[in-house]
Structures are given as C-alpha cells and as structure tokens.
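# Residue-level structural notes
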Amino acid sequence: MLLGLAFGIGLASCDYIPRTVAGLPSDTSWDALPLRKWLAEDRAEPIALSFCAPPSCSPGLAVSVIRLKGKDAQITEALLKDPERLARALRSPADQDKPVRTDISVDRLKDGPYPGFTITLAPMDGKKPPAFGAALGKRSGEDLEVVLAIGQSAEVVRQTAHEVAARELGK
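Residues numbered from 1 in each chain as written. Predicted model: local features only at pLDDT ≥ 70, side-chain atom pairs only at ≥ 80, totals over all residues. Heavy atoms only, no water.

### Looking at the overall build of the protein
Here is the rule: Secondary structure counts use DSSP, requiring at least four H or I residues in a row for a helix and at least two E residues in a row for a strand, with both numbered from the N terminus. Only protein chains enter the accessibility calculation, which uses a 1.4 Å probe. A residue is then buried if its area is under 20% of the maximum for its type, exposed if over 50%, and partly exposed in between. Contacts between residues were defined by any pair of non-hydrogen atoms, one from each residue, lying within 4.5 Å. Per-residue and other accessible areas were derived by the Shrake-Rupley procedure at a 1.4 Å probe size, with only the shown protein chains allowed to occlude residues.
Assigned secondary structure in the protein consists of four helices and seven strands. Reading the protein from its N terminus to its C terminus gives the helix and strand order α-β-β-β-α-α-β-β-β-β-α. Considering the protein as a whole, with its 171 residues, one finds that 34% of them fall into the buried category. Sequence separation of 24 or more characterises 44% of the internal contacts of the protein that already satisfy a separation of 6 or more. Surface exposure of the protein reaches about 10,700 Å², of which carbon and sulfur atoms provide 56%.

As structure tokens, this is what we get:
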C-alpha cells in the first residue's frame, strides 16, 4: 500500500518536473521551469522553458517550446510567414491614446527549413538596450510547434533559435 501511494504521488508530480529545451547547453547555468501546472490558459500548451541569466550566462537568454492548435495555430503560422503583420499590430495598439515609444523591426528567417522571424524591440529614447526575439514553427497535422527565443544579443538569439529548432522540431 505504501509503495502504491508513493507511485501515485510520483506520477501526479510528473507535471511539476521541468523538461529542459533540447539543443541548449547541459551545464548548470541553464534552468528549466515546470510549466504545465503554472499556465491555466488553454490557448497554448507549454512544452518546455529554459533560461540562463547573468552572471552565469551573458547575455541573458530564455528559450521555450509551445504547441498551438486550431485558430491560434493558423494565426501564428501566418505571422511566422509574414512577420511584418506582427510589427504593424505592435506599432498600432488598440489603445490609440498611448503612442508607441518603441522601435520595432522584424526580419523573416530564410536560412532554415521552418518559417520564422527575428524581432527587435528598442526604446525610442535609447535609455535601455534593445531586446531581441526569434520564432520558428513547424506544422504537425493540426498542431503548430513553435520555438521562441528572447535575449539581449541578436546573434545569440537567432543562432540559439535555429539550434533548438533543429533538435525540437527535427531537421
């Protein structure tokens, strides 16, 4: 009976054990978060999230893998293929009373097997450094799996997103 209880608790806690993102260094500078029980929204299924923060890692970087379905998958796939749509939406928020004070630029990634883009968000006043992101996605039936990377170096973000996509999404 005690063994059965221990086994049941072990199975129930599996959702709390974080899954690291494939393709990242396996050293202790990278941590993973147990996402499944943290996110309550049904729109995206978190697969994995890993991050490396300074001083262990410089510059800081976060990488995640998510799965989208239905309409969310369709919209996201369209943005992966035409990221300028995302940039236009970010430049023209629904709340027109607050002007955009961020320079937003996107570039479609053309050097890989999956549609994707890089994005740069930089404060117009230049008081803070820009943030960089990359997204790559792969359709699998009705599902869309997406690799997201966010960090402080454009080249590190782009390279990491490609490396993770190769491992997580296949070649």
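### Remarks on the nonpolar core
Filter applied, for reference: Definition of nonpolar core: a set of buried residues of the types Ala, Val, Leu, Ile, Met, Phe, Trp, Tyr and Cys, connected through side-chain atoms within 4.5 Å.
Core analysis: the largest hydrophobic core is formed by 19 residues, its most contacted members being Val21, Val63, Val65, Val147, Val157, Val164 and Ala165. Secondary-structure elements contributing two or more residues to this core are β2 (44-52), β3 (61-68), β6 (131-140), β7 (143-151) and α4 (154-168). Among the elements that make up this core, the one with the highest residue count is α4 (four residues). If you look at the next biggest cluster of nonpolar residues, it comprises twelve residues, including Ile66, Ala87, Ile119 and Ala135.

### Quick word on the pairing of strand β5 (residues 116-123)
Stated precisely, the cut-off is as follows: Think of it this way: DSSP has to see at least two bridges between two strands before they count as a pair.
Summarising the sheet, strand β4 (residues 102-108) and β5 pair through seven bridges and their orientation is antiparallel. Looking across to β5, one finds that isoleucine 104 is bridged to leucine 121. Across six bridges, β5 lies against β6 in antiparallel orientation. Bridging across to β6, threonine 120 finds its partner in phenylalanine 132.

### Considering the pattern of salt bridges
Threshold: Any carboxyl oxygen of Asp or Glu that lies within 4 Å of a side-chain nitrogen of Lys or Arg is treated as forming a salt bridge with it.
A full pass over the atoms with the stated rule returns eight salt bridges. With a closest N to O distance of 3.9 Å, aspartate 143 and arginine 67 form a salt bridge. In this pair, aspartate 143 is assigned in strand β7 and arginine 67 in strand β3, connecting sequence segments 76 residues apart. With respect to class, aspartate 143 is no different from arginine 67; both count as buried. With a shortest N-O distance of 3.8 Å, glutamate 77 and lysine 81 are connected by a salt bridge. Here the residue glutamate 77 and the residue lysine 81 both occupy positions in helix α2 (residues 70-81), the gap between them amounting to four residues, near one helical turn.

### Notes on the environment of arginine 139
Where we set the bar: By the criterion applied in these results, polar contacts are pairs of N or O atoms within 3.5 Å in which, for protein atoms, one can donate a hydrogen and the other can accept it, and in which residues neighboring in sequence qualify only through two side-chain atoms.
As for its placement among the helices and strands, arginine 139 is situated in strand β6. You can call arginine 139 partly exposed: its relative accessible area is 29%. For the pair arginine 139 and glutamine 74, spaced 65 residues apart in sequence, the C-alpha to C-alpha distance is 9.7 Å. Beyond its immediate chain neighbours, meaning those up to four positions away, arginine 139 contacts Ala73, Gln74, Glu77 and Leu144. There is a polar contact of 3.1 Å between the side chain of arginine 139 and the side chain of glutamate 77. In terms of polar contacts, arginine 139 uses its side chain to reach the backbone carbonyl oxygen of glutamate 142, at 2.9 Å.

### Examining the pairing of β6
Examined bridge by bridge, β6 and β7 share nine bridges and lie antiparallel to one another. Of the residues in β7, the one forming a bridge with serine 140 is aspartate 143.

### Observations regarding α4
Condition: What a helix should span is 1.5 Å times the count of its residues minus one.
The first and last C-alpha atoms of α4 sit 21 Å apart over 15 residues, in line with the 21 Å expected at 1.5 Å per residue. Every buried residue of α4 is accounted for by Val157, Thr160, Ala161, His162, Val164, Ala165 and Glu168. Its buried side turned inward, α4 meets β3, β6 and β7. Just downstream of α4, glycine 170 is the residue with a positive phi angle, here 95 degrees.

Keep in mind these numbers describe shape, not what the thing actually does.
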